[in-house]
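Examination of the molecular architecture
One-letter residues, chain by chain:
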Amino acid sequence: MPKTYAEINEKIKAGKAVVVTAEEMIGVVEDDGAAKAAERVDVVTTGTFGPMCSSGAMLNTGHTNPRMKYAKVWLNEVPAYTGLAAVDVYIGATELPENDPANRDHPGLFLYGGAHVIQDLIAGKDVRMTATAYGTDCYPRRKLDTWINIKDLNQAYLLNPRNAYQNYGVAVNLSKERDIYTYMGVLQADLGSASYCSAGQLSPLLNDPYYRTIGIGTRIYLGGGTGYVCFQGTQHNPTEARSENGVPMSGAGTIAVVGDMKQMRPDMIVGVSMYGYGVSMTVGLGIPIPILDEDMARYTAVKDEDIVAPILDYSRNYPHNEGGPLGHVSYAQLKSGEIEVQGRKVPTAPLSSYVKARAIAEELQEWIRSGEFLLSQPAELLPSADSGQTFTRLPERPYNNGGVT
Amino acid sequence: MHFPQQLIDEPIISGLVRTYDLGFNILRASITPQQEGLMVIVLDGTEENLTAALKNAQQKGVRIEPLEKEVVRNESKCTECGACITICPTKALTIDAETRHVSFDPDKCIACELCVPVCPPRAMEIAF
């Protein structure tokens, strides 16, 4: 018997909903089968905690006296975007201070950037805000240098265009000579290491591979508070090749999410420094999946053994769009600490914290069990495998023949 | 061990190892753009021989710097992602196959500091 969102929410309110984590669901379906599991379990909680560069914060600082239309803004010396209304500011996670040496002294350290500003705000720390403006009749003020604090901001919300990637490639380095510094971490020369970044069997979109329950309006766990899926994420690519179980074999679906920073915690939104690459933000994100029917029970019982990811060379193939994957490996193999690439054993390192992913799934489980977190039915589902939507490269049409005459 | 430019071509380590009957384990070796050599090495032998070997190396112009620094993990910053585990040459940083907890064993750490810049939340810190 299929269940509805309303029925599941009634059970949650009555404190009678059966809520298990995606890890626990594996055992439930193994023991009882998908049909029985679907009857017994109402919600499966998922979690992921990894660097998600495409993230940022929307802030409204409140008006100054006299009023000012910010033209340029720096938060702890990190530039923020102001091409919006007077005192609205968007700070991107990967933004660097203007005086950061970046990779001029390679590999750069990238000790502080937009993500760290966001983490500092969430931690309740004072952040220095500097602003300049050209001045207008309605907004005459031209300069500002002040401390701000999240508690005084009218709004502070994360607005992340691309989070929770459904699967991701495994990065290796085929260069014989040099270590390389990537957003996947430091990759040691000559297949010295392999890095991967997914919570695998706990990851939200891997537990609902066709986005049957995750869509616009889905209420989620974001950074320790509640948030929402607000749109498909950038680069959402539902037509990637899939395994027999429906799970994409490489990076596929993504979601755009939004959530109130005033509810968040600095252990769940963490500014990170990717050596020789730049700044990123590690985002704690969890999605509850309603077990509407037997198919959802089967999907949420997916295990690391049954999720595969492509192995990609980041020394040449990935940056230059050459060649295909060097093979595929399962997350069970990745988590064993060693994979085989081109007949050689390569040690693996994760970038995504499985410990924190599990903690998120468990925290969300508690929220739902306690009746304080209800499920929301999406207003619209995300484009799925049958949508025909793909992910294209930029068709470059050089302006003025690229300057060559 | 810091090797000045003029010593780069000399087989100093093999000489010491033979003469003083030492065991050795090279953890890191590099030559800087200014042609100076840097080697992080564990030497093993009798105290008498070790002292003599180090004195011999110093007389040849090798500068010796004992690794007295200590790398510590700032537990409040560590997210237990595991990005550090392949870079650590002594397996002081490991990830539990079952629980996925990342542990740091200070007894195995040789303070080479390779993990320090590699840690995304910068949880590995140098203490003096």
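Preceding this section is the structure that the text describes.
Residues numbered from 1 in each chain as written. Chains lettered and ligands numbered in written order. Predicted model: local features only at pLDDT ≥ 70, side-chain atom pairs only at ≥ 80, totals over all residues. Heavy atoms only, no water.

All right, on to the nonpolar core then. Soluble globular proteins tend to pack their nonpolar side chains together in the buried interior. All names here are of chain A. The biggest cluster of nonpolar side chains holds 51 residues, and the ones touching the most others in it are Met25, Met184, Ile291, Tyr314, Ile368 and Leu375. If you list the elements that add at least two residues to this core, you get helix H1 (5-13), strand E1 (19-21), helix H2 (22-40), strand E2 (43-45), strand E19 (269-274), helix H4 (294-300) and helix H6 (354-369). Each residue touching Met25, except ones within four places of it in the same chain, is listed here: Val20, Ala37, Val41, Val44, Ile291, Ala297, Thr300 and Ala301. The next biggest cluster of nonpolar side chains, apart from the first, holds 50 residues, and it includes Ile150, Tyr211, Val229 and Ile269. (Core = buried A, V, L, I, M, F, W, Y, C linked by side-chain atoms within 4.5 Å. Buried < 20%, exposed > 50% of the residue type's maximum accessible area, 1.4 Å probe, protein only. Helix = DSSP H or I, 4+ residues; strand = E, 2+ residues; numbered from the N terminus. Contact = heavy atoms within 4.5 Å.)

Glycine aside, negative phi is the norm for most residues, and most peptide bonds take the trans geometry. Residues and elements named next belong to chain A. Each neighbour pair has its own omega, and for Asn65 with Pro66 the value is -10°, a cis peptide bond. Mapped onto the secondary structure, Pro66 falls in the loop between strand E4 (56-60) and strand E5 (72-75). Look at the link from His106 to Pro107: it is a cis peptide, with omega at -5°. The topology assignment puts Pro107 in the loop between strand E7 (88-92) and helix H3 (114-122). Positive phi is not limited to glycine here, since Phe110 has a value of about 50°.

Residue and element names in this part refer to chain A. Strand order in the open sheet made by the three strands is E1-E2-E21, with mixed pairing throughout. In the strand order of this sheet, the two ends are held by E1 and strand E21 (288-290), each with one partner. Ignoring which end each strand starts from, the neighbouring axes of this sheet average 25° apart. The pairing of E2 with E21 spans three bridges and is antiparallel. (Pairing = 2+ DSSP bridges. Axes fitted to C-alpha atoms, helices over the stretch in contact; angles between N-to-C directions.)

What follows concerns the packing of aromatic side chains. For any pair of aromatic rings, the description consists of the separation of the ring centres together with the inter-plane angle of the planes. Residues and elements named next belong to chain A. Under the criterion given, the structure shown has eleven aromatic pairs over all chains. Arranged with centres 6.1 Å apart and planes meeting at 65°, the rings of Tyr196 and Tyr331 form a pair that is edge-to-face. Placement of the pair is Tyr196 in strand E14 (residues 194-196) and Tyr331 in helix H5 (residues 331-335), with a sequence separation of 135 residues. Residue classification places Tyr196 among the buried residues on the basis of a relative accessible area of 2%. Given a relative accessible area of 0%, Tyr331 falls into the buried group. Relative to Tyr318, the ring of Tyr314 has its centre 4.2 Å away and its plane inclined at 10°; by these criteria the two rings are stacked. Here Tyr314 falls in the buried class, since its relative accessible area comes to 7%. A relative accessible area of 37% places Tyr318 in the partly exposed class. Three or more aromatic residues link up through ring pairs in this structure, and these residues are Tyr165, Tyr168, Tyr183, Tyr277, Tyr314 and Tyr318. (Phe/Tyr/Trp six-rings, centres within 6.5 Å; stacked < 30°, edge-to-face > 60°.)

This brings us to the interface of chain B and chain A. How big an interface is tends to be stated in terms of the accessible area lost upon association of its parts. With 19 residues of chain B at the interface, the matching set in chain A holds 25 residues. When chain B packs against chain A, close to 1700 Å² is buried across both sides, 64% of that on carbon and sulfur atoms. Sorting the residues of chain B by area buried against chain A places Thr86, Arg100 and Pro120 of chain B first, and these three jointly supply 36% of that buried surface. Applying the counting criterion to the chain B and chain A interface returns zero salt bridges. At the boundary of chain B and chain A, one finds seven residue pairs in polar contact (both at pLDDT 80 or more). (Buried area = accessible area lost by both parts, 1.4 Å probe. Salt bridge = Lys/Arg side-chain N within 4 Å of Asp/Glu carboxyl O. Polar contact = N/O pair within 3.5 Å; in protein donor to acceptor, adjacent residues only side chain to side chain.)

Here we take up the environment of Gly47 of chain A. Residues and elements named next belong to chain A. Its place among the elements puts Gly47 in the loop between E2 and strand E3 (48-51). Taking the C-alpha atoms as reference points, Gly47 and Tyr354, 307 residues apart in sequence, are found 8.7 Å from one another. Here Gly47 is in contact with Ala199, Leu202, Ser203, Pro204, Leu285, Gly286, Ala357, Ile360 and Ala361, once residues within four sequence places are set aside.

So, on to the side chain of Ser193 of chain A. Positionally, Ser193 of chain A belongs in the loop between strand E13 (185-187) and E14. Classification of Ser193 of chain A as buried rests on a relative accessible area of 1%. Among the polar contacts listed, one links the side chain of Ser193 of chain A to the backbone nitrogen of Gln188 of chain A, at a separation of 3.0 Å. Aside from chain neighbours lying at most four places away, what touches Ser193 of chain A is Ala171, Val172, Asn173, Val186, Leu187, Gln188, Val346 and Pro347 of chain A together with Thr86 of chain B.

On to the environment of Pro2 of chain A, then. All names here are of chain A. Following the sequence through the fold, Pro2 ends up in the segment before H1. Pro2 sits in the exposed class, given a relative accessible area of 58%. Placed 225 residues apart in sequence, Pro2 and Gly227 show a C-alpha to C-alpha distance of 27 Å. Ignoring any residue separated from it by four or fewer positions in sequence, one finds Pro2 in contact with Glu7 and Leu292.

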